Amino acid sequence: MNTMMTGPAGGPPPQLAGSPLTLRRQLIFWTGAVLVFIFLLWLLGDVMMPFVAGMALAYLLDPLVRQLQRIGLGRAVASIVVVLVFVCLIAVVLILLLPVLAEQVSDFVARVPQYVERLRQLVNEASQGKLGKYIGDKLPEAQNSAGTVAATAAGWAGALLGSLWSGGQALVSVLSLVVITPIVAFYLLLDWPRMLETVDSWTPVPHRETVRGLARDMDRAIAGFVRGQAIVCTILGTFYAIALMSIGVHFGLLIGLTAGILGFAPYVGTITGFLLAVGVATAQFWPDWTMPAMAAGIFLIGQFVEGNILQPQLVGKEIGLHPVWLMFSLIAFAYLFGFVGLLVAVPVAAAIGVLVRFLLRQYLASSYYTGGQLG
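Because the structure is a prediction, the values reported are computed rather than measured.

Asker: How would you sum up the overall build of the protein? Please name residues and give values.
Answerer: Helix and strand counts for the protein come out as eleven helices and zero strands. Each of the 375 residues in the protein was classed as buried or not, and the buried ones make up 37%. A separation of at least 24 residues holds for 79% of the contacts in the protein among residues at least 6 apart in sequence.

Below you can see the structure in the form of structure tokens.
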């Protein structure tokens, strides 16, 4: 969505003068902007939720609007068509999946203690054989520790799922999401080119090309991850859910969709889904080991397809978002700002990454680094 805020095609963003004063002013300005943004997000977090969701939706749908414009539709008509189609698709998905997911969440939370006890029994049975010979006297202590950890983890997981379901309904106003978010997305899609022209006209003329270059880099990083990763998560979540249900694993739909949603953070979705699927399959089918092996194989196949096909084709390798920085941003923003923080974590992380790299280039080109006057 950076139609106007772009620099020369294919080239790096122009550099500002490398004087200490210029560098200091840039650092003060961008630090102040980040602090103001964080303060407003903290102050107006609950109020901003449908508007932030609308902005995220508009950003995701803008390429479709531009495609419809290329075939002759006006911006207003294209925006209406795209938003209406998206809302209808989401409504159909919710009508079909919400009752099933509600029932599975409730049943899963109720069955967590049974699964934990079943897995503990299997560990005890295995420890009576060859494993007990190697552990010896430390076996009871190890069993107690493992049981405590498993019970604590399972209880935490069950409580988390329950709180996400009930707390999510309390936190997120369904009316505001259903009504306000599509309206905000429509108006942003409709007025986006005009908004960019206005912002572009406010930019100081000497620095306009630099700002355009930074906006282009931010858009590339955000679009490369958000749009691409959203498609990857949808594909993987659907694959995991269908595959687990096809082999008869309890709560296959819930586990698969959970893995797909958490897949937005690198490795988190795959690891979580793997542990849940293998644990449930083991408690459900043991001593038949083929089903747990098949559940593990499903996630290994998904990880292989993601790493070798989906990620290179849909996300790309040069998005400038390191997995560790991304996971930290998601966890930190979710902890500080809740659901709104999750929506803005990736764009903010990408923007900060672009600005940090820009400031580093400025520093390396300044007299602070070179120790003398630049020619």
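Asker: Break down the packing of aromatic side chains for me, citing the residues and quoting the values.
Answerer: Overall, the coordinates contain four aromatic pairs when judged by the stated rule. Geometrically, the ring pair formed by phenylalanine 108 and phenylalanine 251 is edge-to-face, given 5.5 Å between the ring centres and 85 degrees between the ring planes. Placement of the pair is phenylalanine 108 in helix H3 (residues 75–135) and phenylalanine 251 in the loop between helix H6 (208–246) and helix H7 (252–262), with a sequence separation of 143 residues. Both residues of the pair, phenylalanine 108 and phenylalanine 251, belong to the buried class. Grouping aromatic residues by their ring pairs yields a cluster made of Phe239, Tyr240 and Phe299.

Asker: Tell me what's going on with a nonpolar patch on the surface, and back it up with residues and numbers.
Answerer: On the surface, a nonpolar cluster with roughly 630 Å² of combined accessible area is contributed by Val47, Phe51, Val178, Val179, Ile180, Ile183 and Tyr187. Within the residue set of the nonpolar patch, elements represented by two or more residues are helix H2 (45–70) and helix H5 (174–202). When residues in the nonpolar patch are grouped by element, the largest group, five residues, is from H5. When you line up the elements, valine 178 lands in helix H5.

Asker: Lay out the pattern of salt bridges with the relevant residues and their values.
Answerer: Opposite charge on two side chains makes pairing possible when the charged atoms of those side chains draw close. Under the defined criterion, the tally for this structure stands at five salt bridges. Put simply, arginine 66 and aspartate 62 hold a salt bridge, and the shortest N to O gap is 2.7 Å. Residue arginine 66 and its partner aspartate 62 are both found in helix H2; the two are separated by four residues, about one turn of the helix. Its relative accessible area of 24% is what places arginine 66 among the partly exposed residues. For aspartate 62, a relative accessible area of 0% gives the class buried. Among the ionic pairs, arginine 75 bridges to aspartate 62, the shortest N-O distance being 2.9 Å. Within this pair, whereas arginine 75 is found in helix H3, its partner aspartate 62 is found in helix H2, the two being separated by 13 residues in sequence. Connected through salt bridges with shared partners, the residues Asp62, Arg66 and Arg75 form a single ionic network.

Cut-offs applied
- Residues numbered from 1 in each chain as written.
- Predicted model: local features only at pLDDT ≥ 70, side-chain atom pairs only at ≥ 80, totals over all residues.
- Heavy atoms only, no water.
- Helix = DSSP H or I, 4+ residues; strand = E, 2+ residues; numbered from the N terminus.
- Buried < 20%, exposed > 50% of the residue type's maximum accessible area, 1.4 Å probe, protein only.
- Contact = heavy atoms within 4.5 Å.
- Phe/Tyr/Trp six-rings, centres within 6.5 Å; stacked < 30°, edge-to-face > 60°.
- Patch = residues over 30% accessible without salt bridge, like charges linked within 9 Å, V, L, I, M, F, W, Y side chains within 5 Å.
- Areas by Shrake-Rupley, 256 points an atom, 1.4 Å probe, with all protein chains shown as cover.
- Salt bridge = Lys/Arg side-chain N within 4 Å of Asp/Glu carboxyl O.

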